[in-house]
Amino acid sequence: MTVTLEVSDDGVGTVRLDRPPMNALDVAVQDRLRELAEEATRREDVRSVILYGGEKVFAAGADIKEMQAMDHTAMVLRSKGLQDAFTAVARIPKPVVAAVTGYALGGGCELALCADFRIAADNAKLGQPEILLGLIPGAGGTQRLARLIGPSRAKDLIFTGRMVKAEEALTLGLVDRVVPAAEVYEQAYAWAAKLAKGPALALRAAKESIDAGLETDIDTGLTIERNWFSGLFATEDRERGMRSFVEEGPGKATFG
């Protein structure tokens, strides 16, 4: 399998890219990503997710040889499937962290953008080099990158196609933490495992409120937030959390 999903006893699901040498994201990988994102969404034993390409490389982008053989008609037919695969990852209603090692370029960078949090190795390099092929990002890069780091910074990266090293990516807000390469997966796992113990419905509500709110005006966003907030009062996790707070103090509740 070029992409797998392994679930730990802690409720952490690791979506692992494994297409040596560079984890090129061909059509088969894209479709498999969508399938596993939908599986991770459905499975109750998956409470958080890690996106990981292995110790050497996250993903160096699309399979250029495969794309070169496509004409306009072929890409018109394929482009929605490409975006749908990445959107499925972005819409996993659980905390998702990208553990970025080595190159995360083009589609690899776009995949990392689908996560809620990005931990990068100190040797990581990220970028959207599609312009150097006479193209633009097509798996969400023009939209998710601009929303994450702002339009001017996104245009700099997309217009030039330049790669940024981990420390600059941290400064830009493209990644959230930079750690030694040997610790990337370990730290991503710690982040995911901690959140896997949290209240699943409240985490889902928080994620969907933030993501949906960013795509609309503030009044609509506040309505989304209000509906989720009031809806959580019907959950067992809310009862547990408030009872624990009253009886034991803050931060001691456990959730099923």
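As shown above, the structure is provided for reference.
Residues numbered from 1 in each chain as written. Predicted model: local features only at pLDDT ≥ 70, side-chain atom pairs only at ≥ 80, totals over all residues. Heavy atoms only, no water.

Chemist: What exactly am I supposed to notice about the pattern of salt bridges here?
Modeler: On inspection of all chains with the given rule, the structure shows 14 salt bridges. Its salt-bridge partner being R43, residue D45 comes within 2.7 Å of it at the nearest N-O pair. Taken together, the shared-partner salt bridges connect R19, D26 and D63 into one network. (Salt bridge = Lys/Arg side-chain N within 4 Å of Asp/Glu carboxyl O.)

Chemist: Would you take a moment to explain a negative patch on the surface for this structure?
Modeler: On the surface, a cluster of negative charge is contributed by D122, E167, E183 and E186. One can find E183 in the loop between strand 9 (177-179) and helix 8 (184-196). (Patch = residues over 30% accessible without salt bridge, like charges linked within 9 Å, V, L, I, M, F, W, Y side chains within 5 Å. Areas by Shrake-Rupley, 256 points an atom, 1.4 Å probe, with all protein chains shown as cover. Lys, Arg positive; Asp, Glu negative; His and termini not counted. Charge placed at Lys NZ, Arg CZ, Asp CG, Glu CD. Helix = DSSP H or I, 4+ residues; strand = E, 2+ residues; numbered from the N terminus.)

Chemist: So what exactly am I meant to see when it comes to the packing of helix 9 (residues 200-214) against helix 10 (residues 218-231) here?
Modeler: Each pair of packed helices can be summarised by the angle the axes make with each other and by the distance between the axes. Between helix 9 and helix 10, whose axes approach to 9 Å, the crossing angle comes to 170°. The angle between the axes of helix 9 and helix 10 places the two elements in the roughly antiparallel class. In this structure, helix 9 contributes R204, A205, E208, S209, A212 and G213 to the contact, and helix 10 contributes G221, I224, E225 and W228. Classifying every residue of the contact of helix 9 with helix 10 gives four nonpolar, three polar and three charged. (Axes fitted to C-alpha atoms, helices over the stretch in contact; angles between N-to-C directions. Parallel < 35°, antiparallel > 145°, perpendicular 65-115°, else oblique. Contact = heavy atoms within 4.5 Å. Nonpolar A, V, L, I, M, F, W, Y, C, P; charged D, E, K, R; others polar.)

Chemist: Would you mind showing me how to read the environment of V12 here?
Modeler: Relative to the assigned elements, V12 resides in strand 2 (residues 12-17). Linking V12 and L113, residues 101 residues apart in sequence, is a C-alpha distance of 19 Å. In this structure V12 touches E6, V7, S48, I50, Y189, A192, A193 and A196, once residues within four positions along its chain are discounted.

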